[in-house]
Amino acid sequence: MSEGRCSVALMSSTAAPAKEANATGPKAMELVLVKEQNGVQLTNSTLLNPPQSPTEAQDRETWSKKADFLLSVIGFAVDLANVWRFPYLCYKNGGGAFLVPYLFFMVVAGVPLFYMELALGQFNREGAAGVWKICPILRGVGYAVILISLYIGFFYNVIIAWALHYLFSSFTAELPWTHCNHTWNSPRCSDARAPNASAGTNGTLRTTPAAEYFERGVLHLHESHGLDDLGPPRWQLTSCLVLVIALLYFSLWKGVKTSGKVVWITATMPYVVLFALLLRGITLPGAVDGIRAYLSVDFHRLCEASVWIDAAIQICFSLGVGLGVLIAFSSYNKFTNNCYRDAIITTSVNSLTSFSSGFVVFSFLGYMAQKHSVPIGDVAKDGPGLIFIIYPEALATLPLSSVWAVVFFVMLLTLGIDSAMGGMESVITGLADEFQLLHRHRELFTLLVVLATFLLSLFCVTNGGIYVFTLLDHFAAGTSILFGVLMEVIGVAWFYGVWQFSDDIKQMTGRRPSLYWRLCWKFVSPCFLLFVVVVSIATFRPPHYGAYVFPEWANALGWAIAASSMSVVPIYAAYKLCSLPGSSREVRACAGGTSLLVSANPVSSAAPPLARGVGGWRRRKSCWLPSAKTRARRAPHPRPSALRLAGHARVFPRTGVPAVPREPPRRPRVSVLVPQVESTELCSVRFSRRLPSTPAGPPGPPGARAAPPVRMWRRNNDNYRSQFSAENPGSRSSFLHPLLCSY
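One numbering rule holds for all chains: residues counted from 1, following each sequence as written. The predicted origin of the model limits local features to residues at a pLDDT of at least 70 and limits the giving and counting of side-chain atom pairs to 80 or more, whereas totals for whole chains, interfaces and linings rest on all residues. The basis for every side-chain value is the complete set of non-hydrogen atoms in the structure, without hydrogens or water.

> I tried to follow the overall build of the protein on my own but got confused; where do I start?
Numbered from the N terminus, helices here are DSSP runs of H or I no shorter than four residues, and strands are runs of E no shorter than two. Secondary structure summary: the protein contains 26 helices and 14 strands in total. For the protein, with 743 residues in total, the buried portion stands at 58%. Across the protein, contacts joining residues at least 24 apart in sequence account for 79% of those joining residues at least 6 apart. Surface exposure of the protein reaches about 31,000 Å², of which carbon and sulfur atoms provide 63%. Burial here depends on accessible area, computed with a 1.4 Å probe over protein chains only, as a share of the maximum for the residue type. Under 20% is buried, over 50% is exposed, and the range in between is partly exposed. Whether two residues are in contact is decided by their heavy atoms: any pair within 4.5 Å suffices. Using a 1.4 Å probe, accessible areas were evaluated by the Shrake-Rupley method; residue-level cover was limited to the displayed protein chains.

Structure (structure tokens):
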């Protein structure tokens, strides 16, 4: 049926010198093999990565120091939510009893997911989208998390602008939120907070100077009637937002070389300030009552489902998984970095910071409750109301209040900056790794990203900007993040395979993850995330701000924002399935990550050496691997090549010998010509059952020893022998899965 001819001629560059090929960098070509009755048809041979110039084929930059990476991850994970969210949840859900579900979910889900993202980025050395070469059908997950990070940047930078506005306002002899004698105050403003001061003589509600300063002096909320009446941007907040955007740009424009230096200040300053505030807080009257309320243990609350739900949701959001930031940061690590130790250190620091910040917050809340003779429940809040109303009100009553206010808002500024840097780095790295044009012009691309963020953030600094802020906070960073993490862990554990992922980690750290981690990745974490996603949808409540209830069209707009990121996953999967030629089974195999990735690019001598010989093989799982005795007697190559197999094909980590997946029996042995392509032209070739091999190219540089062929062997009569040689691009192959060759 098939004839031994090609429909197009192969490029004359097949026999290009080895030295020139190495100079121009690796070439990636996708060969989709479609089985016929008597042979194989090669269709749509596409060059995936165009030839690069010598200046473009540079190694990926890495962190200057290991501490730069740790501080960047800690600075991103420890954000404003550690100060305004966790202490309130702990107080609301039984005090110290809340630590039981919190630590339980941290161990079985939080740390495994954190560890998985660090290992995924470090091994593949790509951004949030590029790592999904392990499972191409789920590359949409990477684009989804990039989009979510971009959405978060639209409103998260506004919080930093608020903190900067408060910081500038603190350089006065008297803080502007101390009394009710300012132009923005209303007749309802009252300096006293007491049980009988909640309503005036006419029954109107009373407000505090701190609350009116935030809502009327900073936000100008009284000049807006809702989302349909936003008004113009306030020039004070816009100026602060410009400073925040400029600070972000100059922290990110040179990559990790600059951001790694900035985090030495932004990641360490909050701990210095928290310690100073703790020393001041525990000396205040009523601080003991506040701390006692924070740590009061009520184990009966553990019988309530809401306590466990709050703990599960807090774990997902406090660690920052599912935003692509951890993948982006770890992609700049050295290949042999111990990512397991990094995961344990950073998650422990994050949890300890959340717990210790509760002492700072509730020592001041206890002081406020005693000063105004009200229960702690009346002053305990979470969200922006805690750090922009309650805490400034407490600081205004202290001696040297302006000094303490400056210290506090400097802490908020540093907490927000490094978290915003992480979100922007996720977007920049994820897209720059996908598109080489953006990578070559990173500084200009970074400028475009921060400018786009600034323009869309202007909606949040209008008179009704707090309504836009609440809408984005409620929808853009809620269920969509949980869905993204769920699809991420399913793709790694079930499509790519836990066993293969463990092999990747062993190549980096020299130690395979224990059974506990593999069980968490494969079963516990997916079930946990599925539970959280279902609960978050079932317990959905429309957003509101104070007495303002969002209209129906606003809720529909919010769900459209959430769906815009989640829909990227099925849309890209459908596109991938429709764009691949071949039968449905072969398309599923290619898109699902069962393709073979062979990289024959020279690497350092620290890489696993290729084994020679084919004797002494043993069966392990569904693969044939060499026995330990055979591996011990094989001499390593002086300058070996790196061999990596993606999908179901695996590499033995020490010898680099691939283990071939089991094939269906009684398939005809065929020969496939693998051309060396150096252009983006398509090549559609039909092969007969056997084609002669093309001559090998010229040898490499003088004195260099050629790499031995990479051999994949199977025993038994119904298995096949397949060989791919880095020095002979016309070698024979009988691997019937779609093939992705990089050489």
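Next comes the rest of the description.
> I'm lost on the pattern of salt bridges in this one. Help?
Two side chains bearing opposite charge may form a pair once their charged atoms approach each other closely. Think of a salt bridge as a Lys or Arg side-chain nitrogen and an Asp or Glu carboxyl oxygen that are within 4 Å of each other. Counted by the stated rule, this structure contains 11 salt bridges. K261 is paired through a salt bridge with D68; the nearest N and O atoms lie 3.7 Å apart. Of the two residues, K261 is situated in helix α9 (residues 256–266) and D68 in helix α2 (residues 66–77); the sequence distance between them amounts to 193 residues. On the basis of relative accessible area, K261 is assigned to the partly exposed category, the value being 43%.

> Even after reading the chapter, I still don't get the environment of W494, so can you show me in this structure?
Tracing the backbone shows W494 in helix α21 (residues 479–509). Remark: the alpha-carbon pair of W494 and W521, spanning 27 residues in sequence, is separated by 9.1 Å. Other than its neighbours up to four places away in sequence, W494 contacts V489, K522, F523 and P526. A distance of 3.0 Å separates the side chain of W494 from the backbone oxygen of K522, its partner in a polar contact. Pairs of N or O atoms are called polar contacts if they sit within 3.5 Å, as long as, within protein, a hydrogen donor faces a hydrogen acceptor (for residues adjacent in sequence, only side-chain-to-side-chain pairs).

> Would you explain helix α16 (residues 384–396) in this entry?
In an α-helix, one turn spans 3.6 residues, which is why side chains three or four residues apart end up on the same side. For a helix, the expected span equals 1.5 Å multiplied by the residue count minus one. When the terminal C-alpha atoms of α16 are compared, their 17 Å separation across 13 residues agrees well with the 18 Å that a helix rising 1.5 Å per residue should span. Burial runs high along α16: 12 of the 13 residues are buried. All buried positions along α16 are accounted for by G385, L386, I387, F388, I389, I390, Y391, P392, E393, A394, L395 and A396.

> Sorry if this is basic, but what is going on with the packing of aromatic side chains here?
For any two aromatic rings, the description comes down to two numbers: the centre-to-centre distance and the angle of the planes. Aromatic pairs are defined between Phe, Tyr and Trp rings, using the six-membered ring for Trp, whenever the two ring centres lie within 6.5 Å; interplanar angles under 30 degrees are classed as stacked, those over 60 as edge-to-face, and all others as tilted. By the definition in use, this model includes 51 aromatic pairs. Relative to F329, the ring of W63 lies with its centre 5.7 Å away and its plane at 70 degrees, an arrangement referred to as edge-to-face. Within this pair, whereas W63 is found in the loop between β3 (40–49) and α2, its partner F329 is found in helix α13 (residues 325–330), the two being separated by 266 residues in sequence. Accessibility classification places W63 together with F329 in one group, the buried group. With centroids separated by 5.0 Å and ring planes inclined at 35 degrees, the aromatic side chains of Y166 and F409 adopt a geometry described as tilted. Of this pair, Y166 sits in helix α6 (residues 139–169) while F409 sits in helix α17 (residues 401–434), placing them 243 residues apart in sequence.

> Where do I start with unusual backbone geometry in this structure?
Most peptide bonds are trans, and most residues other than glycine sit at a negative phi. Here R125, not a glycine, exhibits a phi torsion of approximately 55 degrees, which is positive. R125 sits in the partly exposed class, given a relative accessible area of 22%. Phi is positive for L400, which is not a glycine, with a value near 55 degrees.

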